[in-house]
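Listed below, chain by chain, are the residues.
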There are 2 protein chains.
Amino acid sequence: MRNDLNALLEGLHNRDARSIARAISLVENDHEAAEVILTSLDQQNVRSSQVLGITGSPGVGKSTLTSSLVRHLRSQGKRVGIVAVDPSSSITGGALLGDRVRMMGHALDSDVVVRSMATRGRLGGLCAAAGAAVRIMAASGCSPVIIETVGVGQSEMDIIRLADLTLMVLAPGLGDEIQAMKAGILEVADLLVVNKTDCVGAETLSMDLEAALRGRKNACQSRVFKTVATTGQGIDELAIAIDELDAICRSSGEHDRRRHSSLELEIVDWAVELLKPRLLAELQETAYPAEPRQTARKLLARLCPLMIDT
Amino acid sequence: MRNDLNALLEGLHNRDARSIARAISLVENDHEAAEVILTSLDQQNVRSSQVLGITGSPGVGKSTLTSSLVRHLRSQGKRVGIVAVDPSSSITGGALLGDRVRMMGHALDSDVVVRSMATRGRLGGLCAAAGAAVRIMAASGCSPVIIETVGVGQSEMDIIRLADLTLMVLAPGLGDEIQAMKAGILEVADLLVVNKTDCVGAETLSMDLEAALRGRKNACQSRVFKTVATTGQGIDELAIAIDELDAICRSSGEHDRRRHSSLELEIVDWAVELLKPRLLAELQETAYPAEPRQTARKLLARLCPLMIDT
């Protein structure tokens, strides 16, 4: 075991793709080696890496945009990581959507590290696992690491808090409900992208969004970026704006604030992961537990007397 | 304060709508009165109530179907609760989608209790809050209590585990991605509903789903229910099937198993809610916390030495 672990750490150091994948799996399953793996990562790389969130409703072309952006970043010689957090099956444990297939264009490129992460079948732990995957990729020299997620749902929104910067992707013709979410979108997005600008309705959507963005302080934050991900149109400009905003955030201290808040999020999520099995084991003793809040408080009062007022 | 609380408990006992709303708010914010409120609920009603999950992607007509089902249930003299868990703004704290407006048809009916619950801006706690809302409504004589949620995202899927029975709503013409999720859908749904059967593609979708359902043991679980929620078509049949399956689950012991697992889920979620403020307070001491998993373990080892191996 100890030898296996040394080989794995050696593989991580050498940016070996299989070692990276295995390290992420071990940490995701909270294997006993998890902490050794995580504490031996190259912290210099972790700190300097750019972590980019890409979010948007199903069908806006997130994965195609990601793929197109990756092509651009590769042409600049950058090593890229992708953590794809998708609605997926608790049975297969993997992503069901066909989108992932499109990333296959980069499948033979050892400087594109891709990881899909299942969201179903867990209670919490997703931020912990995704954060760890980001850190493992970043330590292996990936920058940016892109976190791609469907922007619906509580955990998925939390995931976005792991990113230094977040791109929100929209597309025309996806119905009223997406339009109705615009107010919410503006709260979390650093950069807005209207994809499929070759489709009907793109101009109206862009203008609506630009109106809503008026008054934002950074030029790239008050702009709506227009792309056609399938052809690569607009991707260069978008990539420039990302680096520009990243530089602004790093010099203003915003970058550090976000990293700090993302660490807090991960720490709390790990704490839950570590406590959950103990709580569930305690509950096994109870044939039919009483009122849940009271049961939870009594359990904690017994197990963590320093933390809970009794 | 004590007098206020007594008045509130009295109001709950009398099924007063404002008291129910206020009790849910207090519990959702984990007010100091939360435990008193929750432990004083009529447990008989909580146990006997039917808890129904309705889930499906945006645009399938979930809210219209819920509204139509509520109309049917009201015609049978049933008192109905609705907990609507929606993607929503962390700023408004309420639901942004216009769907909620449709429930206004029941706004003046004191036997229809509606509660919207925001999902953004929380880390966990959603199952605890939604579970408590369900229990408060059930205690006040609502049966069924309907939990309506967008079926995308980890927390939203967890929410569905609070239900005794889950209806998955689909509609034709919503694109490949929804089709691709069918495998996942079949894992969580007890009853499948194809809504908007007056639209193109409904027949194909129904046939595809029926093929996928072959081999399910209960007749109502291997059937696809066809509805046009806007006109009420198919709702009577659906309501009969729900009660039929509910009776089967109650007599087979499946109902008790699900309630037990939902209690476990809520207890763990409450435990997290109770611990989180303490963990975050501890982290305030740290200028820049170290590796998250290690930090979490060390915090817990100090605060809950009985729970964590050091």
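Residues numbered from 1 in each chain as written. Chains lettered and ligands numbered in written order. Predicted model: local features only at pLDDT ≥ 70, side-chain atom pairs only at ≥ 80, totals over all residues.

1. Focus on the overall build of chain A
Okay, step 1: Summing up its helical and strand segments, chain A has 14 helices and 7 strands in all.
Okay, step 2: A total of 310 residues make up chain A; the buried ones form 49% of that total.
Okay, step 3: Across chain A, the fraction of contacts at a sequence separation of at least 24, relative to all contacts at a separation of at least 6, is 73%. (Helix = DSSP H or I, 4+ residues; strand = E, 2+ residues; numbered from the N terminus. Buried ≥ 20, exposed ≤ 12 C-beta atoms within 10 Å, placed from the backbone. Contact = placed C-beta atoms within 7 Å.)

2. Remarks on the environment of Lys-196 of chain B
Residue and element names in this part refer to chain B.
Okay, step 1: Summarising the element assignment, Lys-196 is placed in the loop between β6 (191–194) and α11 (202–213).
Okay, step 2: Since 25 C-beta atoms lie within 10 Å of it, Lys-196 is described here as buried.
Okay, step 3: For Lys-196, the contacting residues outside a window of four places in its chain are Gly-61, Ala-171, Pro-172, Ala-202 and Val-228.

3. Considering the environment of Leu-274 of chain A
Okay, step 1: By secondary structure assignment, the location of Leu-274 of chain A is in helix α13 (residues 254–284).
Okay, step 2: Separated by 149 residues in the primary sequence, Leu-274 of chain A and Gly-125 of chain A have C-alpha atoms spaced 9.4 Å apart.

4. Regarding the nonpolar core
Okay, step 1: Residues Ala-130, Ile-147 and Ala-271 of chain A together with Ala-130, Ile-147 and Ala-271 of chain B are the most contacted members of the largest nonpolar core, which totals 171 residues.
Okay, step 2: Non-local contacts of Ala-271 of chain B, meaning those with residues more than four positions away in its chain, are made with Leu-279, Ala-296, Leu-299 and Leu-300 of chain A. (Core = buried A, V, L, I, M, F, W, Y, C linked by C-beta atoms within 7 Å.)

5. Notes on the pairing of strand β4 (residues 145–150) of chain A
All names here are of chain A.
Okay, step 1: Among the 6 residues that make up β4, 6 are buried, leaving the element largely enclosed by the rest of the structure.
Okay, step 2: Relative to β4, strand β1 (residues 51–56) is paired through 6 bridges, and the arrangement is parallel. The partner of Thr-55 across the bridge, within β4, is Thr-149. (Pairing = 2+ DSSP bridges.)

6. What to know about helix α14 (residues 292–303) of chain B
Okay, step 1: Here α14 of chain B contains 12 residues, and its C-alpha end-to-end distance of 16 Å stays within 8% of the 16 Å for a straight helix at 1.5 Å per residue.
Okay, step 2: By the burial criterion, the buried members of α14 of chain B are Pro-292, Arg-293, Thr-295, Ala-296, Arg-297, Leu-299 and Leu-300 of chain B.
Okay, step 3: Where α14 of chain B is buried, its residues meet α3 (34–39), α7 (126–139) and α13 of chain A together with α13 (254–284) of chain B. (Expected span 1.5 Å × (residues − 1).)

7. Some words on the domain arrangement of chain A
Residue and element names in this part refer to chain A.
Okay, step 1: Segmenting chain A into domains produces domain 1 (1–40) and domain 2 (42–252).
Okay, step 2: Contacts between the two partners involve 9 residues from domain 1 and, on the opposite side, 11 residues from domain 2.
Okay, step 3: Element by element, the count of residues in the side of domain 1 that touches domain 2 is highest for helix α2 (residues 17–28), at 6 residues.
Okay, step 4: Along the lines of polarity and charge, the residues of the side of domain 1 that touches domain 2 split into 7 nonpolar, no polar and 2 charged. (Domains from an automatic or database assignment. Nonpolar A, V, L, I, M, F, W, Y, C, P; charged D, E, K, R; others polar.)

8. A look at unusual backbone geometry
Okay, step 1: Look at the link from Ser-143 of chain A to Pro-144 of chain A: it is a cis peptide, with omega at 5 degrees.
Okay, step 2: With respect to the element layout, Pro-144 of chain A can be found in the loop between α7 and β4.
Okay, step 3: Despite not being glycine, Asp-30 of chain A shows a phi value in the positive range, around 45 degrees.
Okay, step 4: With respect to the secondary-structure elements, Asp-30 of chain A resides in the loop between α2 and α3.
Okay, step 5: Although it is not a glycine, Lys-196 of chain B sits at a positive phi angle of roughly 60 degrees.

9. Remarks on the packing of α7 of chain A against α13 of chain A
Residue and element names in this part refer to chain A.
Okay, step 1: With their axes 7 Å apart at the nearest point, α7 and α13 run at an angle of 125 degrees to one another. Taken together, the axis directions place α7 and α13 in an arrangement best described as oblique. Classified by chirality, the crossing of α13 by α7 is left-handed. In this structure, α7 contributes Cys-127, Ala-128 and Gly-131 to the contact, and α13 contributes Ser-262, Leu-265, Glu-266, Asp-269, Trp-270 and Glu-273.
Okay, step 2: Counted by class, the contact of α7 with α13 contains 4 nonpolar, 2 polar and 3 charged residues. (Axes fitted to C-alpha atoms, helices over the stretch in contact; angles between N-to-C directions. Parallel < 35°, antiparallel > 145°, perpendicular 65-115°, else oblique. Left-handed = near helix turned anticlockwise from the far one by under 90°.)

10. A word on the packing of α13 of chain A against α13 of chain B
Okay, step 1: Running from N to C, α13 of chain A and α13 of chain B cross one another at 140 degrees; their axes reach a closest spacing of 9 Å. Relative to α13 of chain B, the element α13 of chain A is oriented oblique. Of the two possible hands of crossing, α13 of chain A and α13 of chain B adopt the one that is right-handed. Contacts between α13 of chain A and α13 of chain B involve Glu-264, Ile-267, Val-268, Ala-271, Val-272, Lys-276, Leu-279, Leu-280 and Leu-283 of chain A from the first element and Glu-264, Ile-267, Val-268, Ala-271, Val-272, Leu-275, Lys-276, Leu-279, Leu-280 and Leu-283 of chain B from the second.
Okay, step 2: Taken together, the residues of the contact of α13 of chain A with α13 of chain B break down into 15 nonpolar, no polar and 4 charged.

11. Looking at the environment of Glu-244 of chain A
Residues and elements named next belong to chain A.
Okay, step 1: Among the secondary structure elements, Glu-244 is positioned in helix α12 (residues 235–252).
Okay, step 2: Residue classification places Glu-244 among the partly exposed residues on the basis of 14 C-beta atoms within 10 Å.
Okay, step 3: For Glu-244 and Arg-2, which are 242 residues apart along the polypeptide, the C-alpha to C-alpha distance reads 44 Å.

12. Brief notes about the pairing of strand β6 (residues 191–194) of chain A
Residues and elements named next belong to chain A.
Okay, step 1: Because side chains alternate across β6, one face comprises the buried residues Leu-191 and Val-193, and the other comprises Leu-192 and Val-194, equally buried.
Okay, step 2: In this structure, strand β5 (residues 165–170) lies alongside β6, joined through 4 bridges in parallel fashion. Note that in β6 the partner of Val-169 across the bridge is Val-193.
Okay, step 3: The pairing of β6 with strand β7 (residues 224–226) spans 3 bridges and is parallel. Residue Val-194 lies in a different strand from β7, and its bridge partner there is Lys-226.
Okay, step 4: Read from β6 through helix α11 (residues 202–213) to β7, the crossover connection turns out right-handed. (Right-handed = clockwise from strand over helix to strand, strands pointing away.)

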